[in-house]
Amino acid sequence: MSEGVIIVASAGNTASDNSIEQLIRWSGVVGVSAINSDGTFASYSSWGNGVVTAAFGGPVNTIDPNTGAPTTASGTSNSTALVSGMLALARQKWPNATTNQILQSLVRSGLNPNHEWNQYTGYGAIDGGLVIDDPSQYPDENPIIQKPGGSEPTADEVADYADGLISPTETTGLPDSYVYRGADDQVVMYQSDLNTQLHLGTSPRY
């Protein structure tokens, strides 16, 4: 999110509430469930608080990886590929729009009545309005930074990360590209044990 990248992930194929086991549980991730060609929810598709949208999951023509023979397959992975492609088309058509505005357009064009959210299809199946409508008319705010029922990281944590205020001595798993820009000079004592760059007091928050 801090780099303006849209992450799209499948809800899974467990026919159950599976958000906690999937990447869709994280804030800002576009979770995708599957629908059938008639618009009904696919019986195999997972669901949950992490779902943002839905798309056709199959059957689609493919190749059996074991035999190389033509076959068909259904799954939320197919749905996720379609959503990724439509988001890419929207970004291509509206290059001056921010990723937040593209996501605003995604949730506002979903095919649920009044674009209302539910745990099965999110804001509704993805629609061509995502590509047609100019997203610059929408706020430059991420609409899925907090998902229904809560998600992590919080909006404040995302802002702290972007401004370099997450302490590397208190948080594990920070990428090597992260730069701590806070004012806690005690962090210097642990610099030899950290992979984190330190530019103390340079956060744009100050």
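Each remark here, short or long, concerns the structure printed above.
Residues numbered from 1 in each chain as written. Predicted model: local features only at pLDDT ≥ 70, side-chain atom pairs only at ≥ 80, totals over all residues. Heavy atoms only, no water.

A. Spatial organisation of the packing of aromatic side chains. As enumerated under the stated definition, the model contains four aromatic pairs in all. Taking the centre distance of 5.2 Å and the plane angle of 50 degrees together, the rings of Trp 47 and Tyr 120 count as tilted. Here Trp 47, found in the loop between strand 2 (29-35) and strand 3 (51-56), pairs with Tyr 120, found in the loop between helix 2 (99-109) and helix 3 (129-132); they are 73 residues apart in sequence, far enough to count as distant. On the basis of relative accessibility, which here comes to 36%, the residue Tyr 120 falls in the partly exposed class. (Phe/Tyr/Trp six-rings, centres within 6.5 Å; stacked < 30°, edge-to-face > 60°. Helix = DSSP H or I, 4+ residues; strand = E, 2+ residues; numbered from the N terminus. Buried < 20%, exposed > 50% of the residue type's maximum accessible area, 1.4 Å probe, protein only.)

B. Looking closely at the nonpolar core. Counting 18 residues, the largest nonpolar core has Val 30 and Leu 106 as the members making the most contacts within it. Listed by contribution, the elements that provide at least two residues to this core are strand 2, strand 3, helix 1 (76-93), helix 2 and helix 3. For this core, the element with the highest residue contribution is helix 2, accounting for four residues. If we ignore the near neighbours within four places in the chain, the residues touching Val 30 are Ile 6, Ile 7, Val 8, Ala 9, Val 52, Thr 53, Val 83, Leu 103, Leu 106 and Ile 144. (Core = buried A, V, L, I, M, F, W, Y, C linked by side-chain atoms within 4.5 Å. Contact = heavy atoms within 4.5 Å.)

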